[in-house]
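Survey of secondary and tertiary structure
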Amino acid sequence: MRSGTPQLDIEDAPVRAIGEGELPRRVSVLGATGSVGTSTLDLLAYHSARFEVVALTAQRNAKALAEAARRHRAEHAVIGDPDHYLELKELLAGSGTTVAAGPAGLVEAAERPADCIMAAIVGAAGLEPTFAAAAQGTRVALANKECLVSAGSVFMEAVEQAGGELIPVDSEHSAVLQCLDRGGREAIECVHLTASGGPFRAWERSRLATATPEMATRHPNWSMGAKISVDSATLMNKGLELIEAKHLFGLDPGQLGVVVHPQSVIHCLVSYLDGSVMAHMSTPDMTTPIAVSLAWPRRMSTPTDRLDLVKLSTLTFERPDEQRFPSLRLAREAMERGGSAPAILNAANEIAVEQFLAGKLGFLDIAALVEQTLCEAERLGYLCEVTDLAGVLEVDRSARSLARSCGQMA
Ligand code: NDP
C-alpha cells in the first residue's frame, strides 16, 4: 500500500463476523426436506446455540419432516399434501411440535413470527407462502427462484412495501450481492452469471436426444434436487437466474450475461465502468451461500472445504451455446419481453421437466414444449402485464394447462 492511502478501519467494514449475543435468530425453513432445506438445517445444527427453529414444511415426505422437526425441536411442522397429515401427526406425537397440513397451513407456517424464512420449496408452488412471509416484512432468504421468475415485480414491490429484506441463496446471486460495491447500480456495466454447463456441456445436439432423466440429474459439480438438476442440464436454470438477477438487483436485461465455467468456482463477474471486474469464488457447496443469506451483512463460519486454487490449477470459460441449449434463449427472450412471459415460461418448463422425469418426454422436447407453449400463449393473448399475486397465479394456472395440452398434441 502506498503511503498516504487511507486505510479502511476494520470497525467500519460493512461485513463483520457474527458476535456472541447477536443471535439466536428464529428461523423457519420452507421445503425443509429438500436439498437446500437439509443443507440449511445442517448449518443451523452446526450453530445450534445461535438458532431456534420455528416452522418446517415439506410436501409429502412426512418421515423426513418429522425427523427434522424432532432433531431441531421445531415449534411447528406442516405437510403440504393433506393425505400425509395423519402420518406426520403420529410421527410427531409427544414431541411438542404442533402439526398442520395443506396449502393454507404452508402459508400460515410462513407467516409465523420469525427473524428469517428460508424459502426452499421447489417451483411456483413456493410462491404463495414465500409471498406471505415477504408481505409481512419477514426477512426472506430466497432459494426458490421460480417465485421471483413468475412474480418478479409484484414480489419485489411487496418486499419494498413491507420494508422487508430479500437475500438471495442461489450461489450466483449471493456472489453478485457480495461483489456490489458502494458505487451504486449506475457504476455497473454488466453482470455475468457463471454456468457449469451441466452434464451435457460437451454433447452434440443429436446425442442430447438420448439423454435420460438419470443422466440429467447427475450433475458434475453440485448435489441438488431433481428439478433444478434438469434445469441445469438444459441451461434453463441459468435463464431463470438471469430473470431472478434482473429483479433482485434492478438491472436491465442488456446488463446481464452468462459465461460457461465448468469448474463452478467463480460464481459471478460484476464489471464496473472503470474497467474493474469483481469476481466471487468459493467451492461449489450450497452451505456457503446459505450461510451468507442467514448472516448477511455479517459472516458466520461454515464447515465447508476451503478453496485450494493451486490444487485446482485451471479455470476455464466458454460462451454458452444457445443452438444446443435453446432454453437459455427462451428465458432471455421472456425476460426481455417481461409482463406475464416469464411466468408462462416457468410454468411450461415445470410441466416439461415433470414429464421428462416421468419418462413421457425426451430431453430435447423440454425446450420445444416451452417454446410451443409461449407461441400458443401469444396467439391466445395470454401475454399481458401482471400487477398482483392473483394475476400471477391465474397466468401460472392457464400456462400449465396450455403446456399440458401442447404436450398431448406433440
Ligand atoms: P428439492 O426437490 O430437493 O426439495 C424441494 C422441497 O420442496 C422439499 O422439501 C419438498 O417436499 C418441497 N416441495 C415440493 N413440492 C412442493 C409443493 N408443491 N408444495 C410445497 N412444498 C413442496 O429442491 P431443491 O432443494 O434442490 O431446490 C429448492 C429451490 O431452491 C428450487 O427453487 C431451486 O431452484 C432452488 N435452488 C436450489 C439449489 C440446490 O443446490 N439444490 C441451488 C440454488 C437454488 P418433499 O420432500 O415432501 O417433496
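Note that the structure is predicted; figures quoted are calculated from it, not measured. (Residues numbered from 1 in each chain as written. Predicted model: local features only at pLDDT ≥ 70, side-chain atom pairs only at ≥ 80, totals over all residues. Heavy atoms only, no water.)

**Brief notes about the overall build of the chain**
Definition in use: Secondary structure counts use DSSP, requiring at least four H or I residues in a row for a helix and at least two E residues in a row for a strand, with both numbered from the N terminus. We compute the radius of gyration from the C-alpha atoms alone; for a globule the expected value is 2.2 Å times N to the 0.38, where N is the number of residues. Any two residues having at least one pair of non-hydrogen atoms within 4.5 Å are treated as being in contact.
Along the backbone of the chain there are 17 helices and 13 strands. Relative to the globule expectation of 22 Å for 410 residues, the C-alpha radius of gyration of the chain, 21 Å, shows essentially globular dimensions. Counting only C-alpha atoms and orienting by the principal axes, one finds that the chain spans roughly 65 × 60 × 45 Å. Restricting the contact set of the chain to residue pairs at least 6 apart, pairs at least 24 apart contribute 67%.

**Details of the sheet that holds strand β2 (residues 25-30)**
Cut-off, in case you're wondering: The pairing criterion is simple: DSSP has to find at least two bridges between the two strands. Comment: axis = line fitted to C-alpha atoms, over the contacting stretch for helices; angle = value between 0 and 180 degrees taken between N-to-C directions.
Strand order in this open sheet of 7 strands is β5-β4-β3-β2-β6-β7-β8, and the pairing throughout is parallel. Lying at the two open borders of the sheet, with one neighbouring strand each, are β5 (98-101) and β8 (166-168). Between one strand axis and the next, the sheet turns through 20° on average, direction left out of account. The sheet contact formed by β2 and strand β3 (residues 51-58) spans 4 bridges and is parallel. Among the inter-strand pairings, R25 is bridged to a residue of β3, identified as F51.

**As for the sheet that holds strand β12 (residues 277-281)**
In space, the 4 strands of this open sheet follow the order β10-β9-β11-β12, with mixed pairing throughout. The sheet is open, and its two borders are formed by β10 (256-260) and β12, each paired with just one other strand. Between one strand axis and the next, the sheet turns by 20° as a mean value, whatever way the strands run. Across 5 bridges, the pairing between strand β11 (residues 266-272) and β12 is antiparallel. Within β12, the residue paired with S271 across the bridge is V277.

**With respect to the pairing of β3**
Going by this rule: A 1.4 Å probe rolled over the protein chains alone gives each residue an accessible area, and that area as a share of the maximum for its type sets the label: buried under 20%, exposed over 50%, partly exposed in between. A right-handed crossover is one whose linking path, passing over the helix from the first strand to the second, runs clockwise when the strands point away from the viewer.
With 7 of 8 residues buried, β3 lies mostly within the body of the structure. Handedness of the β3-helix α2 (residues 62-71)-strand β4 (residues 76-79) crossover: right-handed.

**Examining the packing of aromatic side chains**
Short version of the rule: Centres within 6.5 Å make a pair out of two Phe, Tyr or Trp rings, where for Trp the six-membered ring is used; the pair is then stacked when the planes are under 30 degrees apart, edge-to-face when over 60, and tilted otherwise.
Applying the stated rule across the entire model yields 4 aromatic pairs. With centroids separated by 6.0 Å and ring planes inclined at 70°, the aromatic side chains of F131 and F155 adopt a geometry described as edge-to-face. Residue F131 is found in helix α5 (residues 127-135), and its partner F155 is found in helix α6 (residues 145-162); the two are separated by 24 residues along the sequence. F131 sits in the buried class, given a relative accessible area of 15%. Here F356 and F363 contribute two aromatic rings whose centre-to-centre distance is 5.8 Å and whose plane-to-plane angle is 70°, an arrangement assigned as edge-to-face. Of the two residues, F356 and F363, both sit in the buried class. Among the aromatic side chains, those forming a connected cluster through ring pairs are F200, W203, F356 and F363.

**Focus: helix α15 (residues 341-357)**
Rules: Multiplying 1.5 Å by the residue count of a helix minus one yields the expected span of that helix.
Compared with an ideal rise of 1.5 Å per residue, which puts 17 residues at 24 Å, α15 spans 24 Å between its outermost C-alpha atoms and is within 8% of the ideal. Here α15 lies mainly inside the structure; 15 of its 17 residues are buried.

**What to know about the confidence of the model for the chain**
Inclusion rule: Think of pLDDT as the predictor's per-residue confidence, scored from 0 to 100.
Looking at the chain as a whole, the pLDDT averages 93, with 93% of positions reaching at least 70. A low-confidence stretch, residues 1-14 stays under pLDDT 50, and its non-local contacts, those more than four residues away or across chains, total 4 contacts.

**Considerations on the side chain of E241**
Filter applied, for reference: Counted as a polar contact is a pair of N or O atoms within 3.5 Å, where, for protein atoms, one must be capable of donating a hydrogen and the other of accepting one, and residues adjacent in sequence contribute only when both atoms are in side chains.
One can find E241 in helix α11 (residues 236-249). On the basis of relative accessible area, E241 is assigned to the buried category, the value being 1%. Engagement of the side chain of E241 in a polar contact is seen with the side chain of K145, the distance being 3.1 Å. Here E241 is in contact with K145, D170, E172, H173 and L193, once residues within four sequence places are set aside.

**Observations regarding the nonpolar core**
To keep it simple, the criterion reads: Throughout, nonpolar core names a set of buried Ala, Val, Leu, Ile, Met, Phe, Trp, Tyr and Cys residues whose side chains join them through atoms within 4.5 Å.
Counting residues in hydrophobic clusters, the biggest one holds 86 residues, and the most contacted among them are F155, F200 and L345. With 10 residues, the single largest contributor to this core is α15. With residues up to four places along the chain from it excluded, the contact list for F200 reads L208, A211, M215, A216, A233, R324, F325 and F363. By size, the runner-up hydrophobic cluster in this structure holds 35 residues, among which are V36, C116, M286 and A295.

**With respect to a nonpolar patch on the surface**
The line we're drawing: Patches draw on residues past 30% relative accessible area with no salt bridge. Two like charges within 9 Å are joined, as are two nonpolar side chains (Val, Leu, Ile, Met, Phe, Trp, Tyr) within 5 Å. Areas reported here follow the Shrake-Rupley algorithm with a probe of radius 1.4 Å; residue values treat only the protein chains shown as occluding. The working definition used for a salt bridge is a side-chain nitrogen of Lys or Arg within 4 Å of a carboxyl oxygen of Asp or Glu.
A cluster of nonpolar residues, M281, L307, L309 and L312, forms a patch on the protein surface that exposes about 290 Å² of accessible area. Turning to its location among the elements, L309 is positioned in helix α13 (residues 309-312).

**Here's the deal with the site of the ligand**
Put simply, the rule reads: In this text, near means that some heavy atom of the residue lies within 4 Å of the molecule or strand in question. As a working rule, the residues Ala, Val, Leu, Ile, Met, Phe, Trp, Tyr, Cys and Pro are called nonpolar, Asp, Glu, Lys and Arg charged, and the rest polar, with Gly in that last group.
Taken together, 24 residues lie near the ligand, and T33, R60, N61, E146 and G225 sit nearest. Contact distances for the ligand include 3.2 Å between an oxygen atom and a backbone N or O atom of G34. Measuring from an oxygen atom of the ligand, one finds a backbone N or O atom of R60 at 2.7 Å. Elements that contribute at least two residues to the shell around the ligand include exactly α1 (35-46) and α6. Looking at the shell around the ligand, its residues break down into 12 nonpolar, 8 polar and 4 charged.

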